[in-house]
Amino acid sequence: MLTGQELLARRGQVAESVELQAGVTAMQARLDRLLREPPTIPMVKALLSVDGGLCPDDGARLVFDPWSPTDHRCPACQSTWTGERHHRAWARWQHLWLAERAAELAALAALTENEAARQRAVDILSWYGEHYTEFPNRDNVLGPARVFFSTYLESIWIDNLISAAVVLGDAGGLGEQTATHVAQLADEAAGLIGEFDEQLSNRQTWNNAALLSIAVWFEDEGLAHRCIEGATGLIAHLLHGFGSDGLWYEGENYHFFALQGLLHGAGWARLAGVDLFAESELVEPLQRALLVARDTALPDLTYPARKDSRFGVSLAQPMFLESWEIGLARAAASPSGAPPGLARWLRRLYAQPAPEAQLFDSYLHEIEHPPPSRSRSDLSWRAILEMLPDLPGDEGVEEEKGGRVLDSHGLAILHSPSRYVSLECGAYGGGHGHPDRLHLTLHASGVPWLLDPGTGSYVSEDLMYYRASVGHNAPFVDGESQPPGTARCEAFDVDGDRGWIMGSYRDLRRTVVAGSTSVVDVVESVAKDQHLLEIPWHFHGRIEIVSPGEWVTDHLDHPRTTNHRRFEPSGAGPIAARIVHDDAVLHVQFQGPGTLWLLEGPGPSDGGPTEFLMVRCTGRQVRCVTSLDWEAEHTLDVAGDLIEIQRAGDIIRHQAISGGWQIEHGEERIRLSGTRASPAEFEPMVNKQRPLVVHGMARWRPQEPDIDGSLEGFLDGTPLHLDHEDQYRRSEVPYGGPEHFSAVAHPAWNDEGLYLAVDVTKPDSLFFRGPDAEPLRLDNEPDDIHSDGVQIYLATPERKRAFACVAAPRPGCRDVAVRIAQGDGTARGAWVETPNGYRLTLCLTPSWWDDVRSGDEIGFDVIVNEARPGQDRRAGQLVWSGGGGWVWLRGDRQDPAHFGTLELC
């Protein structure tokens, strides 16, 4: 964003720069149709659903065409689809596209005095200003919003609209009436966005940017101060969210999104009087955030699909190029100067073939007319206004790096000219983290042999597969995905083209030793007790087993996987395999005490089903060795600590030694060490661990109370009350008070189970979703949470096993639909309507109930859902253990760390 004077100066720079002038010409071409005819502005709120915007036949995302509001084409089968769900999915992109176009029209008008562009921008701004409050603030997925279903989308949209208004205003082309409409929109949006603080979240960077744009519009110093220097403002995000290595704590995918939002916010902050690039203590964190993608980039210049991420996204996407261009320009104008190497990095990306245009919430500028190749002049109006007229010249020869460890992430990477190996260590990674500690990535000789699969869609049925350990090249035990936790990078060292990484997570250790054409991988379970160890291998290519033997059909209990087969070798020794990708071959040998399996799973998030291998072994302390060579066949022999690889007459010996790893190859002996001290734990700004644990008591009952909706047999215990504001998780509307919504729970127990009566006060209206109700298909969350009803959570005293169920009364009868949401066991119940609401009674028997005794304090929580007329999603919920907050994204889950305790008396 530029001041009025800077905008005038930019006109002169555009006239003198070939690339900037070409950028203005490209803007005019993109806007040509919009200048000739008015667009469709949908008077409908965007909807996120399982089926909206997807082809019913093949599941492909329907093409977004801003000029086709009703007919939506499938790019795979070329079918055309219509209907409300598709229209409201289209509306999401249309609203975002229109806000972008308004800003681009304003920029074109300011740079060229194009009256048609000015008028069209004014038309869009005026329409939204007049109609904004007519959009409903309800049924949101994540935060209050009117036009969209989540606050961060509203923020991206507002940021563009206020940008259009400010640019037009500075150029003298806004008009008084349009300014009034913009002020009305900005005032209403500020209230919505401002009340939903997402703390240390990538989305909050955009909320801050939107609020800063509004602060600049209204010249509101207090709001600007909050968004820049507040506890969750831009500076806090820069210093805490991006970590000491410069990478955003939720991974590369969210790094770029957060960086883009931060740069937008920093642009508004400069107009408010605070230039982040001129603050000496912020220069290094900004430079690290701009440069860190070079270190984690895969050899094909895509970024690794770690955590929740799309798969195979090119770093030459214009959205990323634009952030680097703007960052480079602002840094170059600051006292510190441009970050060394950033211009060189940009030139390298511009030299890449143009990646296919993709839909991004925050960047739709080339969705209509993607250019055949990328250049600086193809970027959006923001880059044309801010980037340097010419990219700086060569900064010298870039040194080849052998690798590095990103300290705040724990991600360890070994680089060579033809090989990329990484091991996932560090913390889980926030709400977008995956149970993939010690996941192995291998990209060699131009082939992505082992990669993270990414996460395609939050509403896909396969979502939980991508968020499970079985979907990664990560070891796990006893058939369960890794629990959240931190892995340690214990050793890292590089010597020429060889290097090693040793990481540990709980009772697992993984050692990866890389050479110029091979990798040795050692996975060990060091647990004292007997456990099942499983190691998935998601190879990219056709799997061929070389060793003699046969596949036997069998079954494993891993959801979303099919075609399970177990390999029965004909002899002893390692099992040899070949992975074939086009003309390349990866030679693999598996040596260990277990069995080799072949399964089929969803595959990378942007692809179809694929086969993958899995090693399974059981024991107290087991060790699985795998060798991978992308140049030649070899044999593997393991004798104790000695690993011997014979390849084309050569013998290479590997051995763990005190404080390191030793490699012997002929007369050559290499010792790798690099033992690392334990890094400081990453600490988020907000501590979500509540220090207070609520406590209740359940009385012994010799006989089962009546499970008929009455309070018979329950009233002589100690009731649990849910009637305080800090027990309410809200959506769009705050807590209305106990007279409108509250509950009293009466627990009891005996050897047969836990008994619970929940008496709910809700006099205004009751809503129960019947068994014949049309499925909502809104997301991956079950429909029964969007109904009046309860969620119950139990856990063993040591919290090692949990049991959860959702109980929703069925309309027209006294039956309760009970669904087991976690663990094993049984549950049944009944309900009745009362003068002030309803009451239900339940009998819950977890599979581990026989192990509890009088005096035990089990983990316990009860949650009461609130449904309201006219809403598809629940409005809120009361939580016995308290904590308040927001109901969005909670689903039917409750963190066991937040459970209260229930004493069995």
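Residues numbered from 1 in each chain as written. Predicted model: local features only at pLDDT ≥ 70, side-chain atom pairs only at ≥ 80, totals over all residues. Heavy atoms only, no water.

## Description of the nonpolar core
Rule in force here: What we call a nonpolar core is a set of buried Ala, Val, Leu, Ile, Met, Phe, Trp, Tyr and Cys residues that are connected through their side-chain atoms within 4.5 Å. Relative accessibility under 20% of the residue-type maximum defines a buried residue, over 50% an exposed one, and the middle range a partly exposed one, all with a 1.4 Å probe and only protein chains included. Helix and strand assignments follow DSSP, with helices taken as H or I runs no shorter than four residues and strands as E runs no shorter than two, numbered in order from the N terminus. Between two residues, a contact is recorded if the distance between any of their heavy atoms is within 4.5 Å.
Grouped together as the largest cluster of nonpolar side chains are 130 residues, with contacts concentrated most on Trp157, Ile158, Leu315 and Trp324. Of the residues forming this core, the biggest block, 16 residues, is contributed by helix 4 (residues 84-112). Contacts of Trp324, omitting those with residues within four sequence positions, involve Phe256, Leu290, Ala293, Leu315, Leu342, Trp345, Leu346 and Leu349. Residues Leu414, Val421, Ile501 and Phe539 belong to the second largest nonpolar core, which totals 44 residues.

## Focus: the packing of helix 8 (residues 202-218) against helix 9 (residues 221-229)
Selection rule: The axes are straight lines fitted to the C-alpha atoms, using for helices just the contacting stretch, and the angles between their N-to-C directions are given from 0 to 180°. Roughly parallel refers to an angle under 35 degrees, roughly antiparallel to one over 145, roughly perpendicular to one between 65 and 115, and oblique to any angle outside these ranges. Crossings are classed by handedness, with left-handed meaning an anticlockwise turn of the near helix from the far one by less than a right angle and right-handed meaning a clockwise turn. Here the term charged refers only to Asp, Glu, Lys and Arg, the term nonpolar to Ala, Val, Leu, Ile, Met, Phe, Trp, Tyr, Cys and Pro, and the term polar to all other amino acids, Gly among them.
Look at helix 8 against helix 9: their axes get within 8 Å of each other, and the N-to-C directions meet at 155°. Relative to helix 9, helix 8 is oriented roughly antiparallel. The crossing of helix 8 and helix 9 is left-handed. Residue-level contacts link Asn208, Leu211, Leu212, Ile214 and Ala215 of helix 8 to Leu223, Ala224, Arg226, Cys227 and Ile228 of helix 9. Residue classes in the contact of helix 8 with helix 9 are distributed as 8 nonpolar, 1 polar and 1 charged.

## Some points on the state of the cysteines
Note the cut-off: Working definition: a disulfide is two cysteine sulfur atoms within 2.5 Å of each other.
Under the definition given, this model contains 0 disulfides. This cysteine, Cys55, is not joined by any disulfide, and Cys74 carries the nearest cysteine sulfur, 3.7 Å off.

## Some words on the environment of Asp557
Mapped onto the elements of the fold, Asp557 is located in the loop between strand 15 (549-553) and strand 16 (562-569). As a C-alpha pair, Asp557 and Arg120 span 437 residues in sequence and 58 Å in three-dimensional space.

## A short note on the pattern of salt bridges
This is how it is decided: For this document, the term salt bridge refers to a Lys or Arg side-chain nitrogen within 4 Å of an Asp or Glu carboxyl oxygen.
Evaluated as defined, the whole model comprises 56 salt bridges. One salt bridge connects Arg701 with Asp716, and the closest N-O pair in it is separated by 2.3 Å. Here Asp716 lies in the loop between strand 27 (695-700) and strand 28 (720-722) and Arg701 lies in the loop between strand 27 and strand 28, a separation of 15 residues in the sequence. The closest approach of N and O atoms between Arg893 and Glu781, which form a salt bridge, is 3.1 Å. Here Arg893, found in the loop between strand 38 (876-879) and strand 39 (900-904), pairs with Glu781, found in the loop between strand 31 (753-761) and strand 32 (789-795); they are 112 residues apart in sequence, far enough to count as distant. Assessed through its relative accessible area of 44%, Arg893 is described here as partly exposed. Salt bridges here are not isolated pairs; linked through shared partners, they connect Glu252, Arg306, Glu424, Asp436 and Arg437.

## Things to note about the sheet that holds strand 23 (residues 642-647)
Cut-off, in case you're wondering: Only strands joined by at least two bridges in the DSSP assignment are considered to pair.
Taken in spatial order, the 5 strands of this open sheet run 22-23-24-25-26, and their pairing is antiparallel. Looking at the sheet topology across the chains shown, the edges are occupied by strand 22 (635-639) and strand 26 (668-672). Here the average twist between neighbouring strands, direction ignored, is 15°.

## Focus on the packing of aromatic side chains
Threshold: A pair of aromatic rings is counted whenever rings of Phe, Tyr or Trp (Trp by its six-membered ring) have centres within 6.5 Å, and the orientation is called stacked for planes under 30 degrees apart, edge-to-face for over 60 and tilted otherwise. Note on criteria: charge over ring means Lys NZ or Arg CZ within 6 Å of the ring centre, with the direction from the centre no more than 35 degrees off the ring normal.
Summed over all chains, the structure comprises 33 aromatic pairs. Arranged with centres 5.8 Å apart and planes meeting at 85°, the rings of Trp324 and Trp345 form a pair that is edge-to-face. Highlighted residues: Trp324 in helix 14 (residues 318-332) and Trp345 in helix 15 (residues 342-350), separated in sequence by 21 residues. Judged on exposure class, the residue Trp324 and its partner Trp345 are both buried. With centroids separated by 6.3 Å and ring planes inclined at 80°, the aromatic side chains of Tyr728 and Phe741 adopt a geometry described as edge-to-face. Residue Tyr728 is located in strand 29 (residues 728-730), and its partner Phe741 is located in the loop between strand 29 and strand 30 (742-750); the two are separated by 13 residues in the primary sequence. With respect to burial, Tyr728 and Phe741 carry one shared label: buried. An aromatic cluster is built from Trp127, Tyr128, Tyr132, Phe135, Phe148 and Trp157, whose rings are joined through pairwise contacts. Over the face of the ring belonging to Trp597 we find Arg616, whose NZ or CZ atom lies 5.4 Å from the ring centre.

## Quick notes on the environment of Leu286
Mapped onto the secondary structure, Leu286 falls in helix 12 (residues 280-291). Classification of Leu286 as buried rests on a relative accessible area of 4%. Along the primary structure Leu286 and Pro483 are separated by 197 residues, whereas in three dimensions their C-alpha atoms are 33 Å apart. What Leu286 contacts, discounting residues up to four positions off in sequence, is Leu238, Leu262, Leu276 and Phe277.

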